[in-house]
Amino acid sequence: MSNPLIAAERKEERHHLVMKLFCGFTLLLAIAVAYNVYIPLPRTISEPWKLMVLDAAFRGVVMMGDVAHSLGLSHRVHVINSAIVSFESLVPITNQEIQTEDILFDGVHVRVYQPPGQDGKLRRAVMFIHGGGWAVGAPKLGSYDSLCRQMAADLDAVVVTVDYRMAPDVHFPVQYEECVQAAKHFLRPEVLTKYSVNPERVAVCGDSAGGNLAAAVAQRIGTDNTTTVKFKLQVLVYPVLQALDFNTASYQQNQNVPILYRRLMARFWLEYLGADLNLVHSLMINNHTAQDQSLMSLIRSKLEWTTLLPKRVIQHYKPVFPVTGYLSILNDIPALLDTRAAPLLAEDEVLRMAPRAYIMTGEHDVLRDDGMMYARRLELAGVSVTNEHYKDGFHGCVSFGFWPCYFSVGIRAVQNYIAWLDKHL
């Protein structure tokens, strides 16, 4: 006959053992999660823990893409884009009163957003070009859709978002040419009349790689004698504008700050230009723009950040250009020197024809100096420029100002740049 007291003691011992195992497993799981989520971030960056979780999820998707690519299951970019589309599809539609129309502009897919009602007066208009490294993004879903709807509602404006084809399905200059085609079509007087748009109040806007395309399109339209209607304004949100120096002060300072790491930006450039991804490391150490590259002597002044940037952002950082490098990189990838791909390299006479600019930059973004250098070059060319700089900003913060992230810096950035458009457009 078993002793009830002994049985109770054994039951309690088993309970304690289970609890110890559970606590041990929980501790190991917490350590594993913390190891994969935690990364050291600058003290001044907006909502660091929220950014860590977001970055961990994004890194996981990138890793899945790399694994699928190495196994021959799918291209890494398609995996990343599928994950982005799946996530963005969950975002609720905002400003549902805004009317949308999916249509072709000279063979290019666009979506037109229009506020309800029309009292006969002409409206303002914004052409928006989405970012995503020329390779990923869902312009008609989620945060981009919310942003375009908000612009249309707050500005009482017609907004056109360009759904250009992306890498790896197409490469430069297709993305650029499709944005130019859509812009030239929209700026035709009869098309502006169709949408009741004032031809003197049209802006072009883009974020990240979309900022690159917006700047390049603004340059093209500004110098195109066949286009009678010009953009009044350009809005460039943390734009990427050059691929010749991956060691600017901001690249050095923020090379490991999410969500756009220096290595990832180099990969996006090579994917966009249809080049060998094995050149990532060479680009990161500026082997393609070493001191022995004769081609660089003609354009180095256009991205001389030690003179174009304010001293407060240069800090202690020094230029990094190897004495010798690989001339074959510039020969094999001539688009690195093409102003259609790298608007920062444009000549002064081209910049003089560009519209008034609003350029948003974030302190904790590898592309900060691209935007600041372009702002300075435009100013030197006589163009009016507003450089709105966020000391707590990071790359992509505008897209993360909407559900479910709601980063405070993203909310402020959206409000401020729409307010600038409202005042100046």
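Going by what an unreviewed UniProt entry lists, the protein chain is known as Neutral cholesterol ester hydrolase 1 and is assigned to Cyprinus carpio. Under Sequence similarities (unreviewed entry), UniProt gives the following word-for-word description of the protein chain: "Belongs to the 'GDXG' lipolytic enzyme family."

A. Highlighting the overall build of the protein chain. Counting its regular elements, the protein chain contains 16 helices and 8 strands. For 425 residues, the compact-globule formula gives about 22 Å, and the C-alpha radius of gyration of the protein chain, at 25 Å, lands near that figure. Projecting the C-alpha coordinates of the protein chain onto the three principal axes gives extents of approximately 105 × 65 × 45 Å. Per-residue burial for the protein chain yields a buried fraction of 54% across its 425 residues. A separation of at least 24 residues holds for 76% of the contacts in the protein chain among residues at least 6 apart in sequence.

B. Focus on the side chain of Asp207. When you line up the elements, Asp207 lands in strand E5 (residues 197–207). Buried and unpaired, Asp207 has Arg111 as its nearest opposite-charge partner, separated by 15 Å. Apart from residues no more than four positions distant in its own chain, Asp207 is found in contact with Phe128, Ile129, His130, Gly131, Tyr144, Val237, Tyr238 and Ser399.

C. The pairing of strand E1 (residues 99–105), seen in detail. Examined bridge by bridge, E1 and strand E2 (residues 108–114) share 7 bridges and lie antiparallel to one another. Residue Ile103 lies in a different strand from E2, and its bridge partner there is Val110.

D. Fine view of helix H4 (residues 142–155). Helix length check: H4, at 14 residues, gives a terminal C-alpha distance of 20 Å against a target of 20 Å (1.5 Å per residue), a fit within 8%. Of all the 14 residues making up H4, 12 are buried; the element is thus mostly covered by neighbouring parts of the structure. If you check which residues of H4 are buried, you get Gly142, Ser143, Tyr144, Asp145, Ser146, Leu147, Cys148, Arg149, Gln150, Met151, Ala152 and Leu155. Taken from the residues just after H4, Asp156 is the one with a positive phi, measuring 50 degrees.

E. Region of the structure containing the sheet that holds strand E6 (residues 233–237). With mixed pairing, the 8 strands of this open sheet are ordered in space as E1-E2-E4-E3-E5-E6-E7-E8. Strand pairing shows two members of the sheet lacking a second neighbour, E1 and strand E8 (385–394), which therefore form its edges. Geometrically, the sheet is characterised by an average inter-axis angle of 20 degrees between neighbouring strands, direction not taken into account. The pairing of E5 with E6 spans 5 bridges and is parallel. Considered in E6, the bridge of Asp207 is made with Val237. The strands that H4 touches are E1, E2, strand E3 (123–129), strand E4 (157–162) and E5; relative to E3, the one it contacts most, it runs at about 165 degrees. Across the sheet, helix H7 (residues 209–223) is in contact with E3, E5 and E6; its angle to E5 comes to roughly 140 degrees.

F. Representation of the packing of aromatic side chains within the structure. Following the criterion strictly, the structure yields 15 aromatic pairs and no others. Lying across the ring of Phe407, Lys50 places its NZ or CZ 5.0 Å from the centre. Seen from the ring of Phe321, Arg300 lies directly overhead, with NZ or CZ sitting 4.7 Å from the centre.

G. Broad picture of the nonpolar core. Membership of the largest hydrophobic core comes to 97 residues, with the highest contact counts inside it found for Phe186, Met265 and Trp269. A total of 8 residues in this core trace back to one element, the largest contributor, which is H7. Setting aside chain neighbours within four positions, we find Phe186 in contact with Phe105, Ala125, Met127, Val158, Val160, Val191, Leu192, Tyr195, Val197 and Val202. Listed in part, the 46 residues of the second largest apolar core include Leu147, Met151, Ala152 and Phe402.

H. Main features of the confidence of the model for the protein chain. Mean pLDDT over the protein chain works out to 92, with 92% of the residues at or above the 70 mark. The low-confidence segment residues 21–32 (pLDDT under 50) makes 0 contacts with residues lying over four places distant or belonging to another chain.

I. Region of the structure containing the UniProt feature "domain: Alpha/beta hydrolase fold-3" (unreviewed entry) in the protein chain. UniProt's feature table lists "domain: Alpha/beta hydrolase fold-3" (unreviewed entry) at residues 126–283 and 338–398, given in the numbering used throughout. When the span residues 126–283 is considered, its composition is 44% helix and 16% strand, and the gap between its end C-alpha atoms is 35 Å. Taken end to end, residues 338–398 is 28% helix and 31% strand, and its two terminal C-alpha atoms sit 28 Å from one another.

J. Local environment of the environment of Pro48. Following the sequence through the fold, Pro48 ends up in helix H2 (residues 48–70). The partly exposed category is assigned to Pro48, whose relative accessible area is 28%. Along the backbone, Pro48 and Tyr390 are 342 residues apart, and their C-alpha atoms lie at a distance of 15 Å.

Rules used in this analysis
Residues numbered from 1 in each chain as written. Predicted model: local features only at pLDDT ≥ 70, side-chain atom pairs only at ≥ 80, totals over all residues. Heavy atoms only, no water. UniProt positions renumbered as here; feature names shortened; annotations may be inferred. Helix = DSSP H or I, 4+ residues; strand = E, 2+ residues; numbered from the N terminus. Rg over C-alpha atoms; globule rule 2.2 N^0.38 Å. Buried < 20%, exposed > 50% of the residue type's maximum accessible area, 1.4 Å probe, protein only. Contact = heavy atoms within 4.5 Å. Lys, Arg positive; Asp, Glu negative; His and termini not counted. Salt bridge = Lys/Arg side-chain N within 4 Å of Asp/Glu carboxyl O. Pairing = 2+ DSSP bridges. Expected span 1.5 Å × (residues − 1). Axes fitted to C-alpha atoms, helices over the stretch in contact; angles between N-to-C directions. Phe/Tyr/Trp six-rings, centres within 6.5 Å; stacked < 30°, edge-to-face > 60°. Lys NZ or Arg CZ within 6 Å of the ring centre and 35° of its normal. Core = buried A, V, L, I, M, F, W, Y, C linked by side-chain atoms within 4.5 Å. pLDDT = per-residue confidence, 0-100.

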